[in-house]
Structures are given as C-alpha cells and as structure tokens.
Amino acid sequence: MPLRILFLHSLRLLMLLTGLCAFCAAPESLVSGLPGPGLWPRFTGAGLALSALLLPSPKGQKGRPVPSTKRTGRVSGLIVSCLVWLLLLPLSGWIPATALSALTACRSGGCTWKESLLLSLLLTIALWLGLEHLLRWTMPHGMLFSGGV
Amino acid sequence: MEPTFFDPSLFSGVLSGLHAVLSSSLCLLVLAGVFLGMTVGVLPGFGPPAAMALLFPLVYVLDPLPGISLLAGIFYGAKYGGAVTSILIGIPGEADAVATLFEGHPLALGGKARQALATATLASFAGGMSASLGMVLLAPVLSRVALVLGPSGRAAIMSGALLLVAVTSPGGFRRNLCMIFLGFVLALPGMDPVYGSARLTFGSWQLSGGVELTSLLLGFFGLGDVLDALSSKRVLSDTTPAAAVPALKKRSAALAALRGSLLGFAAGLVPCGAGVTASFASHALEKRLSRHPEQFGRGAWEGLAGPEASNNAAAMSSFAPLLLLGLPTNPIMAALLGALTIVGVVPGPMLPSEQPAFYWGLIFCLLLGNILLLFLGLGLAGFWAKLAEVPFRMLWPVIVVLCLVGSYVGADGLHGPVQCVFFGLLSLFLKRHGCSPAPLVLAFTLGPRLETYLMQVLLSTW
Amino acid sequence: MKWQTLHIFRLTICLCLVSPFIVTHALAANGTMRLSIAFSPGGALDGAARVLAGEAEKELGVSIIVQNSPSAGGMTAVARLAEAKADGTQLAACVTNALIFIPQRNKAPYSPLEDVEPLLIFGQASPVLVTRPDAPWKDMDAFLDATRQRNGEMRIGVPGLGTPSHIALAIMAANDPSLKWRFVPFGGPGEAEAALLGGHVDAAASGALPRVKKGQLHPLMVLAGSGIPSLPDVPSLSDKGFSDPGQGDSSFILLAPAGVPEDIMERLCRAFEKAATSDTYLKTLENYSVSPVLMDRSKAKSFLRRAWEEEGTILKTAGITDSPAVSPDGEKH
C-alpha cells in the first residue's frame, strides 16, 4: 500500500527532492555583501519545490497497462544497445561500438539478420565518412586500438 | 551623425551591393555553403558553430564578402537541415527547431511528410523575405531598440514568452510551471555566468560544463520519443492513418506564417534567445488564436508554419544588431562577429554608408540563400519524404545511434551520451505523468540568460 | 517531376555532397598536427591562435588542423591535452585563466603546472576601459574625479566578476578608499559595448579595438600592464602606477603535453616564436585588443608558477572570495 502511494506521487516527490537538492547544494547567496552565485539556484530550487507541492493530484489509477513481452523486449533492447555503446566506446573506439550497438538495436526491434547487418554497416560507414573525413572531428579510438586509425 | 528613420543616403550602396552579388563565383559559394550547412544540419548534435569553425580558414583566404557569405550560407542550410530532421524523425538539430517538431512530426507520421516539408520551406521563405524587407527599410532605427532595451526589458520579454508557453502547452498551468522550474534547475550545474565558479557539480569536473543542451534535446526528443513509441500500448503499425491528420488550409497557414515572421523579426533584434523564444512563442500564440486548438499536437498546419517562419525571420533580423551594433545575439552570430573582425569589417551604425558594398552585398547574399533554399526545399521534399517511409523497426535503431553519437560530439565527451540516456528515461517518466517537454526546454535555454540579466539589474542598483 | 529530371537532380546532389571530401583532402598536406583552441570560434584567442598556426605551418612544413573545444571554460581542451600522446603532434592554445583561475576554483582533472608544458606565451588580452564619445570625462583622471564625486553611483561593465579587468579595477578601488564602483557583469562579446551605448553603464571594459579606433567608443585606459601599440596615447595600468593583477589570467599560452622529447620541443618553440614575431601575426593583433607580449619557454614556466601562487591573495584583495580556494603554496584540492 505505501509503495502504491509512493508510485502515485512519484512525480511530485522527484520534483520536490530535486528542488530541495538544488536549494541546499547551492553556494553562498551573498558574497561580500553583493548578490552571489547562490542566489538564482536558491530561487529556482525553492520554486521547483513549491510548484511540486502545487501539482495537481494524479487521477485515479486506471491500472498500469500490462506490459507485453514484445514491448518489454524492445525497450530492454534499446537500453542494452545504449549500454553496449557506452561501455565499448572507451575500450574499442567508436566504430566497433557504433556497429555493434546498431546491430543489437536492429535485432531487438525485429529486423531480420540481413536487414540488421546491412543497416549497421551502412550507418557506420556513413557516420565514419561524415565525421572523420568530411568534418575532421576526432572521435575516440579506444584503448585497444590506441595506435590510431 | 546618427542615421535617421528613412535616410536616402543609406540606399546609395544598394547598386554596388547588387553588382557584387551578381558575380557568378559568389552565387556558387553561397550554394556550396547552403549544401554544406544542410549536411551538417541533418546530423543531430553537430551544429553550425562546429561547421563554421571548420571553414574559418577559408575566410582568411577569401575576400570579405565571399567569405562571410559562405558562412551565412552554411547558417541557412543548417537551419533547413534541422527542420528536416525535426519533421521526419522528430530529432531537433538545434533548439530553435524544437517548436517545428511539435506539429511537423505528427504530420510526417500521418503520411503527410512531403506537404509538411513543403509548408515548412514556404513558411521559412516567407519569414526570411519579410524579415529582409524589414531589415532593408527599418534596421537602422530598430537596431537601436537593442541598445535601449536593457537587462530588465530583455528579462521581461523572456518571462513573457515563458508565461505564454506555460499557459498554452498541454498539461495545465501547474504542471507547466513545474516544468519551467525544472528546466531552470537543470541549467544550474556548471559554471556560474557571473562569477565563473562551479556550482552543483558535486565534484565532477565534466559537469562543470553543465548539462549539455545537445544531450537534453536528443535525449528528450530522440531517445524519449523512441522509448515512448516502443513502450506505448498503441499498435505499432508503421504508419498512422492519414485521416487522423487535419487538412491543410492554405489561408490560415499563410496568416500564421505572417504572424510568425513579425514575431521572429522583432525577437531577432534583441538578445533574448531570438530563434528559440520566437518559435516557441509563435507556436503558443497560434494555439491560442486557433479555432481548433485540439488539433495542436496532432499536426496543426498553423503550428508548423508559424514557428518555421519565425525562426527564419529571427535568424535574418539578428544580423541587424550584429552588423549595426557589434552585438551578437547567439553563439553563431558571435562566431560571425569574429569572422568580421578577421576580414576587417567594423560593425557600427555607419556601416551601411561606410562599407555599402559589403553591407548590401551581404543582405543580397542572404536573400539569395533564402531563394536557393526555397527551390531546394521544394525540390527535395519528395526525396526526403521517401526516407520517412522507412519502416519504424529499421528507423529507430538509426535514431538511437545518431542520438548517442550526436550527443558525444555535442558534449565533446562521454558524459554527453550518458546525459542523453538519462534524459530519454526522464522524458518517458514525465510523459507518463502528463507533462509536456516544451516549457522545460525553453526554460533550460533561457535560464542562464535570465539569471545573467537578473544579476545585472541587481548589481547595478544594489 | 519526370523521372529523368528526378535522377539528374539526385545525381547533382550526390556530386555536391562528394565535392567537400575532395576539397578537405586537398587541404591536407603530408603530416598533420592538431591544435585545440580552448575557446569558441570568433574570439581574440581564436583569431590570434589561428593566424599563429598558419604562420607556424610555413616554418614546420606540416599542416596544422585547428579545432575549437570551448567546453568547461577551457578545462576540456587542457584535460584532453594532458592525456594525449607526448609526441609533439597535439597542442593546445588557451588563456592562462584555464590554468590558474579555473583550477583553483573548480576541481580540475589535471595539474596545471605538471601535466602540461608551456611552449610560449604569445599575447596578453588587454581590454580597454571605454566610455561613450559624448561623456563629460575625457581621460582617466577626469573619470576618477567624477567617480569620487558620484560616490558609488558609477557603473562599470566588466566581462564577469573575477576577470582580469574587474580585478584590476577592484584592486584600484581597494587601495584608494575614495573610489567606489558598481561592477555589472556582461558575458558575451558586444554586450558591454551595447550596454554602454544604451546608457546602462557609464564605462565598460571592451576588447573591440576596431570600434575604438573608429571613434565609436572613447578609450580611457588599457587595463593591462603593457599598452597597445595602435593606441599610443592611451595609458596602461603601469603608466599610471597601478599593478597588473590580471596578467596571470589573461595571457595566451601554447601548451604541449608533459614529456614531449626535447628536440621536438626545441623545434616547435623556435617555429612558433618566429610565427609570433611575423608581420601577419602582429597585424592580426591590431584587430583585437591584445598586447603582443612574448615569453619564451622558460619565462613562461616561471610566470605560470608565480601567477599560481599569487592568485589566491589577489582574489581576496579584490573581494571576489571571502577566502582563497587554494593555499598560496600551491596545494590543490
């Protein structure tokens, strides 16, 4: 029961917490008698906390929609592909990370193997051409390939 | 000698400007700039400032007018590219393309991608042309508005826009007010704009750059939308029925574009977050004035035409404070100010009479860019629209990867994508509780400026 | 659209998209170096560093790719440099602010005196204190008198509280009890000048030298130790007997990662020093309010060390902090 209330008011609580956090973590509001760097954070933190309290109460719960396995699979597929990218980037550099992450996302989204491989390949090549050759932007090459491309 | 309202001597240089523009190499340069800008604008996270920085070396090599015109062409092209991604895949290239996606993306999902792109192009063209006219006739007088309107005036304009958005965005005033404060709070971490000291960084040096705008935009509108689509209950057919989308009424869309142009033109003259403020305000205004406000959010054509016209008009009119006062109103203008310094053009109220070939040449180059974009936009609309027919299961992985890479580039570090994923999840959470992202994004963009103006007012009267 | 025209259209687009590749590849010569500028495009550091790199390219015979990484006030650029390979192909240009003021006030992931090695100092940002052309005070002494009469009502626009121009004026006021100013911070370029011309402040620290030379703004004093060659009649801080406390934060410095082999460092230093004395470079500086201060490697190193030690005390005297963030003996948090 308390868990349900917590969930019901989750937005309000989150906003309240964030506002109070900003208020308390702010630096001093006055420096040598003049307005300081903490003035605006205190104002906005307080404003957030107050407006969180004024939020309209959530409507009566219609009952959480039962998540279908397909939808959960897709969402976790997205999260997994993001994690793959974030974790592989410092290790292997951005090209393997991008390719693998795109592959994971495609497969979890329901594409066939042929479609997934083709799409990740095309995407990686397009980004490689655009970023490294056209725009000359330095992207990380990872610890394993620190010889540089 | 101060320029008067309608001083004929200001127009003495028009012919020399026209002559300079009609040379063929200049036209090609502007065209090249527009194409490059478009390529850059379509890549989310990689904004015009980065592209312009890459082409800065060319400014040293070329003569003043061609060099600056190239940069201005990139600027325009990037705006168009940003609108394309906003409408087609719902990822805003930069902050002033956000208001376009509120109506543009639902239209594309409803199968009207081609018409949406064409409308956006026409509205942008109208905005650009009317702003150019205004620039030519009224700029010297109106640029002084930027001088007279001090910090308190600018803060008032921004607060007005925020209030308008809070009242008209879906979700109700109380939720929107909360979102506005959340936007302010999210903009807090990082370095204080006045003292330069770090605050709310919790010991992380990467946060001393603050929450990245790119990560916020890509997380909220890119990842967030994908998460929402993947986890929502509605049947994931690859297109929604076209009957759900309202029909285009040309006259009301044209009127919306006109209103948007006026709003954008006025907003661009003053440093108040021009393009962003104007486009959000235009969207909110259109919703308020519309006889069918329930269409907004599902593909209202006025809500697409207004913001597109206003952000182009604002882009055009922000050249006025830049050229006539040396006052850049956004980071891209600041980069252009640097380019002006390099080529030896000194901004000031006497620029039209002292360097007429440059001043009028630039205005004509911008007009040329505008016309080029009209043809490109209308011609390419069909081509881009074909891309929108890609099935969703193949589109969303591309969006996710673009968001991750784009936020890395935008933030210049791994903290960018991390923030992006966080904002994607936050966006899902907020949507499930009925909160709209518009007030949050506007407040986030305007927060630091609002704080600076507040501190300026306080420090000058303490 | 008929399908033939559509195909031609698409072909043209492809050609246009391919041409930039050809252009950028043509620009790359044999061997490349990367210079990272810790500032957004368009500012004085950006302009000066790009021209410096352009001149040094001729000396070194390699092309230098210049990029901007302005995030975190320059800390990102320096942090990247500190982690980069120490082989002389990666350099960074920043304002000493990123090495002195910012790491003292924030937790930086590098040790400014140990992780990076200065090559040379190639300029000092010297903002000019300006007023409106129609103001009643025509020089610095008249301005100071007017300040005393107004008794605290005079407003000066500065780029931010804690910036070199602010500190210079604040220390002036701290040493003379009859002087009192209100400092109003203006972040971006052009903002302070616009506020001045609009009447919101009475004087401003400005870097827009061309506008001063055109007469749009009237110069009172150069807020740095050495004057600006193109404004010979405008006194500098040292001419008037004031100290230059901001020098530690406003110098333009070229950095390499620590540990680059000596012979490479020597070659680079020689090339860049030659570039910094070239006519093109000095002419560029005339567009920006930058004094052509030049310090070689050893002088730059000792300068940095001294500036680090003095920073805390300076900030306290100017009233920016109530207590220094770092103890004077250089202990970092």
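Here is what the cut-offs are and how they apply
Each chain carries its own residue numbering, running from 1 in the written order of its sequence. Chains carry letters and ligands carry numbers; both start at the beginning, A for chains and 1 for ligands, and go up in the order they are written. A pLDDT threshold of at least 70 governs which residues receive local features in this predicted model, and a stricter bar of 80 or more applies before side-chain atom pairs are shown or counted, although totals over entire chains, interfaces and linings include all residues. Under the scheme used here, helices are H or I runs from DSSP no shorter than 4 residues and strands are E runs no shorter than 2 residues, and both carry numbers assigned from the N terminus. Based on C-alpha atoms, the radius of gyration is set beside the globule rule, defined as 2.2 Å times the residue count to the power 0.38. The burial criterion counts other C-beta atoms lying within 10 Å of a residue's C-beta, which is placed from the backbone; the residue is buried at 20 or more, exposed at 12 or fewer, and partly exposed between these limits. This entry defines residue contacts through backbone-placed C-beta atoms, with two residues in contact when those atoms are within 7 Å. Residue polarity is assigned by list, with Asp, Glu, Lys and Arg as charged and Ala, Val, Leu, Ile, Met, Phe, Trp, Tyr, Cys and Pro as nonpolar; anything else, Gly included, falls into the polar class. At least two bridges found by DSSP between two strands is the condition for calling them paired. In this analysis, axes come from line fits to C-alpha atoms, helices being fitted only over the stretch in contact, and the angle between any two N-to-C directions falls in the range 0 to 180 degrees. The scheme is simple: roughly parallel for angles under 35 degrees, roughly antiparallel for over 145, roughly perpendicular for 65 to 115, oblique for anything else. We call a set of buried Ala, Val, Leu, Ile, Met, Phe, Trp, Tyr and Cys residues a nonpolar core when their C-beta atoms link them within 7 Å. Residue ranges for the domains originate in an automatic or database domain assignment. Between the first and last residue of a helix there are one fewer steps than residues, each counted as 1.5 Å, and that sum is the expected span. A residue's pLDDT is the confidence the predictor assigns to it, expressed on a 0 to 100 scale. Rotating anticlockwise by less than a right angle from the far helix to the near helix defines a left-handed crossing, while the corresponding clockwise rotation defines a right-handed one.

Novice: I'd love a proper account of the overall build of chain B, names of residues and values included.
Specialist: Helix and strand counts for chain B come out as 19 helices and two strands. Against the compact-globule benchmark of 23 Å for 462 residues, chain B has a radius of gyration of 21 Å, which places it among compact chains. Dimensions of chain B, computed from C-alpha atoms along their principal axes, come out at roughly 65 × 55 × 45 Å. Across the 462 residues of chain B, 69% fall into the buried class. Long-range contacts, defined as pairs at least 24 residues apart, comprise 80% of the intrachain contacts of chain B with a sequence gap of at least 6.

Novice: So what about the overall build of chain A? Which residues, and what values?
Specialist: When its secondary structure is counted, chain A shows six helices and two strands. The order of α-helices and β-strands along chain A, N terminus first, is α-α-β-β-α-α-α-α. Counting over 149 residues, chain A shows a buried share of 32%. In chain A, the proportion of contacts linking residues at least 24 apart, taken out of those at least 6 apart, comes to 50%.

Novice: Let's hear about the interface of chain A and chain B: which residues, and what values?
Specialist: Facing 49 residues of chain A, the contacting portion of chain B comprises 45 residues. For the side of chain A that touches chain B, the elements supplying multiple residues, two or more each, are helix 2 (10-25), strand 2 (34-35), helix 3 (39-53), helix 4 (69-92), helix 5 (94-109) and helix 6 (113-134) of chain A. Counting residues per element, the side of chain A that touches chain B draws most heavily on helix 4 of chain A, which supplies ten residues. Residue classes in the side of chain A that touches chain B are distributed as 33 nonpolar, twelve polar and four charged.

Novice: Any details on the interface of chain C and chain B? Residues and values, ideally.
Specialist: On the chain B side, the residues contacting the 50 residues of chain C number 47 residues. Within the residue set of the side of chain C that touches chain B, elements represented by two or more residues are helix 1 (3-27), helix 2 (44-60), helix 3 (75-83), strand 7 (182-185), helix 7 (191-197) and helix 8 (209-214) of chain C. Here the side of chain C that touches chain B is built from residues that sort into 20 nonpolar, 19 polar and eleven charged.

Novice: So, the environment of B:Pro397: which residues are in play, and what are the values?
Specialist: Position of B:Pro397 relative to the elements: it lies in helix 17 (residues 392-411). Taking the C-alpha atoms as reference, B:Pro397 lies 25 Å from B:Leu36; in sequence the two are 361 residues apart. For B:Pro397, the residues in contact, after removing those within four places along its chain, are A:Ala102, A:Ala105, A:Cys106, A:Gly109 and A:Leu119.

Novice: Describe the pairing of strand 4 (residues 116-125) of chain C, listing the residues and the values that go with them.
Specialist: Residue and element names in this part refer to chain C. In terms of residue burial, strand 4 counts as a mostly covered element, since nine of its ten residues are buried. Where strand 4 meets strand 10 (residues 251-257), seven bridges bridge the pair, whose relative direction is antiparallel. The partner of Gly 123 across the bridge, within strand 10, is Phe 252. Pairing of strand 4 with strand 11 (residues 290-291) involves two bridges; the strand directions are antiparallel. By the bridge assignment for strand 11, Ala 125 is matched with Val 290.

Novice: Can you break down the packing of helix 9 (residues 213-231) of chain B against helix 19 (residues 437-461) of chain B residue by residue, with the values?
Specialist: Residue and element names in this part refer to chain B. Between helix 9 and helix 19, whose axes approach to 11 Å, the crossing angle comes to 175°. Taken together, the axes of helix 9 and helix 19 are roughly antiparallel relative to one another. Across the interface between the two elements, Leu 213, Leu 216 and Phe 220 of helix 9 pack against Pro 437, Val 441, Phe 444 and Thr 445 of helix 19. Grouping the amino acids of the contact of helix 9 with helix 19 by side-chain chemistry returns six nonpolar, one polar and no charged.

Novice: Please set out the nonpolar core residue by residue, giving values where relevant.
Specialist: The biggest cluster of nonpolar side chains holds 298 residues, and the ones touching the most others in it are B:Val400, C:Ala48, C:Leu52, C:Val78 and C:Leu255. The residue makeup of this core includes at least three contributed by each of domain 1 (1-63) and domain 2 (65-149) of chain A. Discounting chain neighbours no more than four positions away, the residues touching C:Leu255 are C:Val78, C:Leu81, C:Leu91, C:Ala92, C:Cys94, C:Val116, C:Glu117, C:Pro118 and C:Leu119.

Novice: Quick rundown of helix 14 (residues 331-343) of chain B? Include the residues and the values.
Specialist: Residue and element names in this part refer to chain B. Between its first and last C-alpha, helix 14 extends 19 Å over 13 residues, near the 18 Å set by a 1.5 Å rise per residue. Among the 13 residues of helix 14, eleven are classified as buried, and the element is accordingly described as predominantly covered. Downstream of helix 14 by a residue or two, Gly 344 has a phi angle that is positive, lying close to 85°.

Novice: Tell me about the sheet that holds strand 7 of chain C, and please be specific about residues and values.
Specialist: Ordered in space as 7-6-8-5-9 (chain C), the five strands form an open sheet in which the pairing is mixed. In the strand order of this sheet, the two ends are held by strand 7 and strand 9 (218-222) of chain C, each with one partner. In this sheet, adjacent strand axes meet at a mean angle of 30° when their direction is disregarded. Two strands pair when backbone bridges link them, and strand 6 (residues 155-158) of chain C and strand 7 of chain C are joined in this way by four bridges, in the parallel orientation. Note on strand 7 of chain C: the bridge partner recorded for C:Ile156 is C:Phe183. Relative to the sheet, helix 19 of chain B contacts strand 6 and strand 7 of chain C, its axis offset from that of strand 7 of chain C by approximately 170°.

Novice: I'd like a description of the confidence of the model for chain B, backed by residues and values.
Specialist: Residue and element names in this part refer to chain B. Put simply, chain B has an average pLDDT of 83, and 90% of its residues get 70 or more. Least confident of the elements in chain B is helix 3 (residues 48-61), whose mean pLDDT is 67; most confident is helix 8 (residues 173-186), at 94. This stretch, residues 1-6, has a pLDDT under 50; its non-local contacts, to residues over four places away or in other chains, come to five contacts. Under a pLDDT of 50 for its full length, residues 235-239 has, in the predicted model, four contacts with residues more than four places off or in other chains. Here the predicted complex scores 0.85 on pTM and 0.89 on ipTM.

Novice: I'd like a description of the confidence of the model for chain A, backed by residues and values.
Specialist: Scored by pLDDT, chain A has a mean of 82; 87% of the residues are at 70 or more. Mean pLDDT values for the elements of chain A range from 78 in helix 1 (residues 2-8) of chain A up to 93 in helix 3 of chain A.

Novice: Tell me about the packing of helix 10 (residues 250-268) of chain B against helix 11 (residues 274-289) of chain B, and name the residues and values.
Specialist: All names here are of chain B. Interhelical geometry of helix 10 versus helix 11 gives an angle of 145° and a closest axis separation of 9 Å. Our pair here, helix 10 against helix 11, has a crossing hand that is right-handed. Contact residues: helix 10 offers Ala 256, Arg 259, Gly 260, Leu 263, Gly 264, Ala 267 and Gly 268, while helix 11 offers Ala 274, Thr 277, Ala 278, Ala 281, Ser 282, Leu 285 and Glu 286.

Novice: So, the environment of A:Ser51: which residues are in play, and what are the values?
Specialist: Relative to the assigned elements, A:Ser51 resides in helix 3. The exposure class of A:Ser51 is buried, given the 22 C-beta atoms found within 10 Å. Residues A:Ser51 and A:Arg12 lie 39 residues apart in sequence; the distance between their C-alpha atoms is 8.9 Å. With sequence-adjacent residues up to four places away left out, A:Ser51 is seen in contact with B:Arg174, B:Leu177, B:Cys178 and B:Phe181.

Novice: For the sheet that holds strand 1 (residues 32-37) of chain C, give the residues involved together with the corresponding values.
Specialist: To summarise the sheet geometry, strands pair through backbone hydrogen bonds and adopt either a parallel or an antiparallel arrangement. Residues and elements named next belong to chain C. What the six strands build is an open sheet, ordered 2-1-3-10-4-11; its pairing is mixed. The sheet is open, and its two borders are formed by strand 2 (63-68) and strand 11, each paired with just one other strand. Direction of pairing for strand 1 relative to strand 2: parallel, over a ladder of six bridges. The residue of strand 2 that forms the bridge with Ser 36 is Gln 67.

Novice: So, the environment of C:Leu35: which residues are in play, and what are the values?
Specialist: Inspection of the secondary structure assignment puts C:Leu35 in strand 1. Apart from the residues lying within four places of it in its own chain, the contact partners of C:Leu35 are C:Ala49, C:Ala53, C:Ile64, C:Val66, C:Leu91 and C:Ala93.

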